[in-house]
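# Notes for the structure review
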Amino acid sequence: DSGVTQTPKHLITATGQRVTLRCSPRSGDLSVYWYQQSLDQGLQFLIQYYNGEERAKGNILERFSAQQFPDLHSELNLSSLELGDSALYFCASSVDSYSNQPQHFGDGTRLSIL
Amino acid sequence: GESVGLHLPTLSVQEGDNSIINCAYSNSASDYFIWYKQESGKGPQFIIDIRSNMDKRQGQRVTVLLNKTVKHLSLQIAATQPGDSAVYFCAETEPMNYGGSQGNLIFGKGTKLSVKP
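Report on the accompanying structure. Remember, predicted model here, so these are calculated numbers, not experimental data. (Residues numbered from 1 in each chain as written. Chains lettered and ligands numbered in written order. Predicted model: local features only at pLDDT ≥ 70, side-chain atom pairs only at ≥ 80, totals over all residues. Heavy atoms only, no water.)

### Observations regarding the packing of aromatic side chains
Definition in use: Only Phe, Tyr and Trp rings are paired, with Trp represented by its six-membered ring, and only when their centres lie within 6.5 Å; those with planes under 30 degrees apart are stacked, over 60 edge-to-face, the remainder tilted. Working definition: helices are DSSP H or I runs of at least four residues, strands are E runs of at least two. Numbering for both runs from the N terminus. Only protein chains enter the accessibility calculation, which uses a 1.4 Å probe. A residue is then buried if its area is under 20% of the maximum for its type, exposed if over 50%, and partly exposed in between.
The final tally for this structure, using the stated rule, is 11 aromatic pairs over all chains. Ring geometry for Tyr-35 of chain A against Phe-105 of chain A: centres 5.3 Å apart, planes inclined by 45°, an arrangement best described as tilted. With a gap of 70 residues between them, Tyr-35 of chain A in strand 4 (residues 31-38) and Phe-105 of chain A in strand 10 (residues 104-105) connect regions that are remote in the sequence. The exposure class assigned to Tyr-35 of chain A is buried, which follows from its relative accessible area of 0%. Accessibility expressed as a relative area gives 2% for Phe-105 of chain A, which makes it buried. A connected cluster of aromatic rings, assembled from ring pairs, spans Tyr-35, Phe-45, Phe-90 and Phe-105 of chain A together with Tyr-36, Phe-46, Phe-89 and Phe-107 of chain B.

### A few points about the environment of Leu-11 of chain B
All names here are of chain B. To keep things clear, this is the line we draw: When checking whether two residues touch, look at their non-hydrogen atoms; a contact exists if any pair is within 4.5 Å.
Relative to the helices and strands, Leu-11 is located in strand 2 (residues 10-14). On the accessibility criterion, Leu-11 (17% relative accessible area) is buried. Taking the C-alpha atoms as reference points, Leu-11 and Ile-21, separated by 10 residues in sequence, lie 7.9 Å from one another. In this structure, Leu-11 is in contact with Ser-19, Ile-20, Ile-21, Thr-111, Lys-112, Leu-113 and Ser-114, ignoring residues within four places of it in sequence.

### Re the interface of chain A and chain B
Using the following cut-off: A simple way to read buried area is as the amount of 1.4 Å-probe accessible surface that goes missing from two parts once joined, with both sides added. Any carboxyl oxygen of Asp or Glu that lies within 4 Å of a side-chain nitrogen of Lys or Arg is treated as forming a salt bridge with it. Any pair of N or O atoms that falls within 3.5 Å is considered a polar contact. Within protein, one atom must be able to donate a hydrogen and the other to accept it, and sequence-neighbouring residues count only if both atoms are side-chain atoms. All amino acids are sorted into three groups, where Ala, Val, Leu, Ile, Met, Phe, Trp, Tyr, Cys and Pro are nonpolar, Asp, Glu, Lys and Arg are charged, and the leftover types, Gly among them, are polar.
Taken together, the 23 residues of chain A in the interface contact 21 residues of chain B. With both chains or domains summed, chain A and chain B bury close to 1,800 Å², and 52% of this area falls on carbon and sulfur atoms. The interface formed by chain A and chain B holds zero salt bridges in total. At the junction of chain A and chain B, the tally comes to four residue pairs in polar contact (both at pLDDT 80 or more). Those elements giving two or more residues to the side of chain A that touches chain B turn out to be strand 4, strand 5 (42-50), strand 6 (53-57) and strand 10 of chain A. Residues of the side of chain A that touches chain B, tallied by class, amount to nine nonpolar, 10 polar and four charged.

### Focus on the side chain of Gln-68 of chain A
Residue and element names in this part refer to chain A. Counting through the fold element by element, Gln-68 comes out in strand 7 (residues 64-68). Using a relative accessible area of 6% as the deciding quantity, one classes Gln-68 as buried. A distance of 3.1 Å separates a polar side-chain atom of Gln-68 from the backbone oxygen of Leu-72. Beyond its immediate sequence surroundings of up to four residues, Gln-68 is in contact with Leu-30, Val-32, Tyr-49, Tyr-50, Asn-51, Gly-52, Glu-53, His-73 and Ser-74.

### Section: the pairing of strand 11 (residues 109-113) of chain A
All names here are of chain A. Selection rule: Following DSSP output, two strands are said to pair if at least two bridges run between them.
What you see with strand 11 is a clean split: Thr-109, Leu-111 and Ile-113 sit on the buried side and Arg-110 and Ser-112 on the side with no burial. Across four bridges, strand 2 (residues 10-13) lies against strand 11 in parallel orientation. Opposite His-10, over in strand 11, you have Arg-110 as the bridge partner. Where strand 9 (residues 87-94) and strand 11 come together, three bridges link them in antiparallel fashion. Paired with Ala-87 across the strands is Leu-111, a residue of strand 11.

### Here we look at the sheet that holds strand 8 (residues 74-78) of chain A
To summarise the sheet geometry, strands pair through backbone hydrogen bonds and adopt either a parallel or an antiparallel arrangement. Residues and elements named next belong to chain A. Defined as follows: Each axis is a line fitted through C-alpha atoms, and for a helix only the stretch in contact is used; angles between axes span 0 to 180 degrees, taken between their N-to-C directions.
Reading across the sheet, the four strands line up as 1-3-8-7 and stay open at both edges, with antiparallel pairing between neighbours. Two strands lie at the open edges of the sheet, namely strand 1 (5-7) and strand 7, each paired on one side alone. Direction aside, the axes of adjacent strands within the sheet are offset by 15° on average. Here three bridges tie strand 1 to strand 3 (residues 19-24), and the two strands are oriented antiparallel to one another. What sits directly across from Thr-5, in strand 3, is Ser-24.

Below you can see the structure in the form of C-alpha coordinates.
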(Lines give C-alpha, C1' and ligand atoms only; values in the text may rest on other atoms or scores of the structure.)
Protein backbone atom coordinates (compact mmCIF):
# COMPACT_ATOMS: atom_id res chain seq x y z
CA ASP A 1 0.00 0.00 0.00
CA SER A 2 1.54 3.29 -1.15
CA GLY A 3 -0.55 5.42 1.20
CA VAL A 4 -2.01 7.40 -1.70
CA THR A 5 -5.78 7.04 -1.98
CA GLN A 6 -7.77 7.68 -5.12
CA THR A 7 -11.52 7.65 -5.56
CA PRO A 8 -13.51 6.48 -7.33
CA LYS A 9 -11.78 3.39 -8.69
CA HIS A 10 -14.01 3.26 -11.74
CA LEU A 11 -16.05 5.91 -13.47
CA ILE A 12 -18.31 5.43 -16.47
CA THR A 13 -19.90 8.43 -18.09
CA ALA A 14 -20.92 9.84 -21.46
CA THR A 15 -19.37 12.30 -23.85
CA GLY A 16 -19.88 15.93 -22.94
CA GLN A 17 -20.12 15.22 -19.23
CA ARG A 18 -17.92 16.45 -16.39
CA VAL A 19 -16.29 14.35 -13.67
CA THR A 20 -14.14 14.94 -10.61
CA LEU A 21 -11.41 12.58 -9.50
CA ARG A 22 -10.12 12.76 -5.96
CA CYS A 23 -6.72 12.05 -4.44
CA SER A 24 -5.46 11.97 -0.87
CA PRO A 25 -1.66 12.03 -0.69
CA ARG A 26 0.50 10.09 1.71
CA SER A 27 0.61 11.51 5.20
CA GLY A 28 3.26 14.23 5.31
CA ASP A 29 3.54 14.67 1.54
CA LEU A 30 2.96 18.20 0.32
CA SER A 31 3.27 17.67 -3.41
CA VAL A 32 0.66 16.01 -5.61
CA TYR A 33 1.04 15.00 -9.25
CA TRP A 34 -1.57 13.84 -11.74
CA TYR A 35 -0.74 11.48 -14.59
CA GLN A 36 -2.79 9.98 -17.40
CA GLN A 37 -2.12 6.47 -18.65
CA SER A 38 -3.53 5.45 -22.00
CA LEU A 39 -2.65 2.56 -24.27
CA ASP A 40 -1.22 4.73 -27.01
CA GLN A 41 0.48 7.45 -24.94
CA GLY A 42 1.73 5.59 -21.90
CA LEU A 43 2.08 7.51 -18.64
CA GLN A 44 1.92 11.26 -19.21
CA PHE A 45 2.36 13.99 -16.65
CA LEU A 46 -0.58 16.37 -16.39
CA ILE A 47 -0.08 18.77 -13.51
CA GLN A 48 1.63 19.23 -10.15
CA TYR A 49 0.54 21.01 -7.00
CA TYR A 50 2.64 21.84 -3.99
CA ASN A 51 1.10 22.94 -0.71
CA GLY A 52 -2.00 24.26 -2.44
CA GLU A 53 -0.33 26.01 -5.34
CA GLU A 54 0.10 24.92 -8.93
CA ARG A 55 3.77 24.17 -9.50
CA ALA A 56 4.08 22.68 -12.97
CA LYS A 57 1.99 21.80 -15.98
CA GLY A 58 2.50 19.07 -18.49
CA ASN A 59 0.29 17.79 -21.27
CA ILE A 60 -2.95 18.88 -19.69
CA LEU A 61 -5.87 19.88 -21.87
CA GLU A 62 -7.68 23.16 -21.27
CA ARG A 63 -10.82 21.11 -20.53
CA PHE A 64 -9.01 19.67 -17.52
CA SER A 65 -8.24 21.49 -14.31
CA ALA A 66 -7.07 20.61 -10.86
CA GLN A 67 -6.69 22.04 -7.41
CA GLN A 68 -5.15 21.16 -4.08
CA PHE A 69 -7.05 22.00 -0.93
CA PRO A 70 -5.78 23.20 2.48
CA ASP A 71 -5.96 19.62 3.79
CA LEU A 72 -3.67 18.71 0.84
CA HIS A 73 -6.10 16.45 -0.96
CA SER A 74 -6.39 17.17 -4.65
CA GLU A 75 -9.11 16.97 -7.25
CA LEU A 76 -8.79 16.64 -11.00
CA ASN A 77 -11.76 17.98 -12.95
CA LEU A 78 -12.38 16.75 -16.47
CA SER A 79 -15.07 18.49 -18.51
CA SER A 80 -16.63 18.23 -21.97
CA LEU A 81 -15.48 14.67 -21.98
CA GLU A 82 -14.54 13.00 -25.25
CA LEU A 83 -14.09 9.35 -26.12
CA GLY A 84 -10.35 9.88 -26.19
CA ASP A 85 -10.33 10.87 -22.53
CA SER A 86 -10.92 7.24 -21.59
CA ALA A 87 -7.83 6.28 -19.63
CA LEU A 88 -6.39 5.54 -16.23
CA TYR A 89 -5.74 8.62 -14.15
CA PHE A 90 -3.11 8.34 -11.44
CA CYS A 91 -2.24 10.57 -8.59
CA ALA A 92 1.19 10.50 -7.01
CA SER A 93 2.62 12.32 -4.04
CA SER A 94 6.04 13.23 -2.71
CA VAL A 95 7.40 14.99 0.32
CA ASP A 96 8.16 18.29 -1.38
CA SER A 97 8.30 19.76 -4.85
CA TYR A 98 11.86 18.96 -5.80
CA SER A 99 13.14 16.22 -8.01
CA ASN A 100 15.53 13.59 -6.66
CA GLN A 101 12.86 11.94 -4.59
CA PRO A 102 10.46 9.14 -5.37
CA GLN A 103 6.83 9.72 -6.12
CA HIS A 104 4.36 7.23 -4.70
CA PHE A 105 1.32 6.38 -6.76
CA GLY A 106 -2.25 5.52 -5.96
CA ASP A 107 -4.07 2.73 -7.74
CA GLY A 108 -5.77 5.11 -10.12
CA THR A 109 -9.23 5.91 -11.41
CA ARG A 110 -10.31 4.11 -14.55
CA LEU A 111 -12.41 6.50 -16.62
CA SER A 112 -14.56 5.08 -19.40
CA ILE A 113 -16.40 7.39 -21.76
CA LEU A 114 -19.30 5.83 -23.62
CA GLY B 1 11.04 16.61 -26.74
CA GLU B 2 12.72 14.42 -24.22
CA SER B 3 11.63 10.83 -23.94
CA VAL B 4 12.60 7.68 -22.16
CA GLY B 5 12.44 4.50 -24.15
CA LEU B 6 12.84 0.79 -23.57
CA HIS B 7 14.76 -1.61 -25.76
CA LEU B 8 12.49 -4.63 -25.24
CA PRO B 9 8.72 -4.47 -24.93
CA THR B 10 8.47 -8.02 -23.52
CA LEU B 11 10.80 -10.24 -21.56
CA SER B 12 10.17 -13.85 -20.64
CA VAL B 13 12.40 -15.56 -18.07
CA GLN B 14 12.48 -18.81 -16.16
CA GLU B 15 11.75 -18.73 -12.46
CA GLY B 16 15.00 -18.50 -10.55
CA ASP B 17 16.92 -16.86 -13.38
CA ASN B 18 18.14 -13.29 -13.29
CA SER B 19 16.27 -10.66 -15.31
CA ILE B 20 17.70 -7.57 -16.93
CA ILE B 21 15.41 -4.80 -18.14
CA ASN B 22 16.97 -2.00 -20.15
CA CYS B 23 16.08 1.62 -20.71
CA ALA B 24 17.53 4.42 -22.82
CA TYR B 25 17.04 8.01 -21.84
CA SER B 26 17.54 11.01 -24.07
CA ASN B 27 18.23 13.95 -21.78
CA SER B 28 21.83 14.08 -20.64
CA ALA B 29 20.84 16.66 -18.03
CA SER B 30 18.54 14.25 -16.22
CA ASP B 31 19.75 13.83 -12.67
CA TYR B 32 17.42 11.32 -11.12
CA PHE B 33 15.99 8.02 -12.29
CA ILE B 34 13.40 5.65 -10.90
CA TRP B 35 12.21 2.16 -11.70
CA TYR B 36 8.56 1.33 -11.14
CA LYS B 37 6.68 -1.96 -11.26
CA GLN B 38 3.06 -1.95 -12.33
CA GLU B 39 0.83 -4.95 -11.77
CA SER B 40 -2.51 -5.33 -13.46
CA GLY B 41 -5.12 -3.05 -11.92
CA LYS B 42 -2.63 -1.23 -9.73
CA GLY B 43 -0.62 1.94 -9.83
CA PRO B 44 3.13 2.10 -10.43
CA GLN B 45 5.01 0.83 -7.41
CA PHE B 46 8.38 2.31 -6.54
CA ILE B 47 11.22 -0.23 -6.78
CA ILE B 48 14.49 1.63 -6.67
CA ASP B 49 15.99 4.98 -7.61
CA ILE B 50 19.40 6.32 -8.50
CA ARG B 51 20.90 9.77 -8.76
CA SER B 52 23.14 10.83 -11.59
CA ASN B 53 26.20 11.03 -9.34
CA MET B 54 26.04 7.25 -8.88
CA ASP B 55 26.47 4.41 -11.34
CA LYS B 56 25.09 1.54 -9.29
CA ARG B 57 22.62 1.06 -6.49
CA GLN B 58 21.43 -2.13 -4.89
CA GLY B 59 18.22 -3.01 -3.15
CA GLN B 60 16.67 -6.25 -2.09
CA ARG B 61 17.12 -8.58 -5.10
CA VAL B 62 17.29 -5.57 -7.41
CA THR B 63 20.18 -3.55 -8.78
CA VAL B 64 20.01 -0.45 -10.92
CA LEU B 65 22.93 0.47 -13.17
CA LEU B 66 23.36 3.88 -14.73
CA ASN B 67 25.68 4.52 -17.64
CA LYS B 68 25.66 8.26 -18.31
CA THR B 69 28.10 7.97 -21.20
CA VAL B 70 25.57 6.15 -23.34
CA LYS B 71 22.49 7.35 -21.44
CA HIS B 72 21.46 3.86 -20.44
CA LEU B 73 19.70 2.53 -17.39
CA SER B 74 19.11 -1.08 -16.44
CA LEU B 75 17.24 -2.96 -13.76
CA GLN B 76 18.54 -6.33 -12.68
CA ILE B 77 16.30 -8.66 -10.73
CA ALA B 78 18.02 -11.59 -9.06
CA ALA B 79 16.35 -14.98 -8.73
CA THR B 80 13.21 -13.85 -10.54
CA GLN B 81 9.98 -15.07 -8.99
CA PRO B 82 6.44 -15.42 -10.38
CA GLY B 83 5.46 -12.42 -8.25
CA ASP B 84 7.87 -10.31 -10.28
CA SER B 85 5.65 -10.66 -13.34
CA ALA B 86 4.51 -7.13 -14.19
CA VAL B 87 5.23 -4.18 -16.44
CA TYR B 88 8.37 -2.30 -15.50
CA PHE B 89 8.84 1.38 -16.26
CA CYS B 90 11.88 3.55 -16.03
CA ALA B 91 11.34 7.24 -15.41
CA GLU B 92 13.52 10.32 -15.27
CA THR B 93 13.22 13.82 -13.91
CA GLU B 94 14.82 16.95 -15.25
CA PRO B 95 16.50 19.66 -13.28
CA MET B 96 14.66 22.98 -13.32
CA ASN B 97 17.31 25.02 -15.11
CA TYR B 98 16.89 22.93 -18.25
CA GLY B 99 13.28 23.93 -18.52
CA GLY B 100 11.79 20.70 -17.33
CA SER B 101 8.92 20.79 -14.91
CA GLN B 102 10.03 20.67 -11.36
CA GLY B 103 9.99 17.08 -10.15
CA ASN B 104 7.62 15.60 -12.70
CA LEU B 105 8.47 12.23 -14.16
CA ILE B 106 8.96 11.29 -17.80
CA PHE B 107 8.12 7.63 -18.28
CA GLY B 108 9.28 5.10 -20.81
CA LYS B 109 6.85 2.82 -22.60
CA GLY B 110 7.36 -0.11 -20.27
CA THR B 111 8.63 -3.70 -20.48
CA LYS B 112 6.38 -6.61 -19.66
CA LEU B 113 8.19 -9.24 -17.63
CA SER B 114 6.74 -12.76 -17.66
CA VAL B 115 8.15 -15.37 -15.32
CA LYS B 116 7.73 -18.99 -16.35
CA PRO B 117 7.47 -21.51 -13.48
